[in-house]
Amino acid sequence: MNRNVGEIDRAVRLGAGAVAGIVSAAILADRIIAPDVLALVAGIAAVVLLATGYLSTCGLYAALGIDTR
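Residues numbered from 1 in each chain as written. Predicted model: local features only at pLDDT ≥ 70, side-chain atom pairs only at ≥ 80, totals over all residues. Heavy atoms only, no water.

A short note on the packing of helix H1 (residues 7–28) against helix H2 (residues 36–55)
Their axes nearest at 7 Å, the elements H1 and H2 cross at an angle of 155°. On the basis of the axis angle, H1 is roughly antiparallel to H2. The chirality of how H1 crosses H2 is left-handed. Seen from H1, the contacting residues are Arg 10, Arg 13, Leu 14, Ala 16, Gly 17, Ala 18, Ala 20, Gly 21, Ser 24, Ile 27 and Leu 28; seen from H2, they are Asp 36, Leu 38, Ala 39, Ala 42, Gly 43, Ala 46, Leu 49, Leu 50, Thr 52, Gly 53 and Tyr 54. Among the residues forming the contact of H1 with H2, the class breakdown is 13 nonpolar, six polar and three charged. (Axes fitted to C-alpha atoms, helices over the stretch in contact; angles between N-to-C directions. Helix = DSSP H or I, 4+ residues; strand = E, 2+ residues; numbered from the N terminus. Parallel < 35°, antiparallel > 145°, perpendicular 65-115°, else oblique. Left-handed = near helix turned anticlockwise from the far one by under 90°. Contact = heavy atoms within 4.5 Å. Nonpolar A, V, L, I, M, F, W, Y, C, P; charged D, E, K, R; others polar.)

Here's the deal with the environment of Tyr 61
Turning to its location among the elements, Tyr 61 is positioned in helix H3 (residues 59–64). C-alpha of Tyr 61 to C-alpha of Ile 27: the two residues are 34 residues apart in sequence and 30 Å apart in space.

Re a nonpolar patch on the surface
Judged by side-chain polarity, Val 37, Leu 38, Leu 40, Val 41, Ile 44 and Val 48 come together as a nonpolar surface patch covering roughly 550 Å² of accessible area. Its location among the elements puts Leu 38 in helix H2. For Leu 38, a relative accessible area of 41% translates into the label partly exposed. (Patch = residues over 30% accessible without salt bridge, like charges linked within 9 Å, V, L, I, M, F, W, Y side chains within 5 Å. Areas by Shrake-Rupley, 256 points an atom, 1.4 Å probe, with all protein chains shown as cover. Salt bridge = Lys/Arg side-chain N within 4 Å of Asp/Glu carboxyl O. Buried < 20%, exposed > 50% of the residue type's maximum accessible area, 1.4 Å probe, protein only.)

Here is the structure:
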């Protein structure tokens, strides 16, 4: 897969992924009162955002023909 995520997009993804991971961990540690399913959703979002930011490639962007690089 070709790289299609630009530097600003990459930084936003990495930042948002980090925040989502922290929120997920906080819910699991009972620091934030929320349903456990929200921790799962935030955790999955964190993994996807961090992976696409780290690899600078996004499958959805490729399918839609978007390139921010």
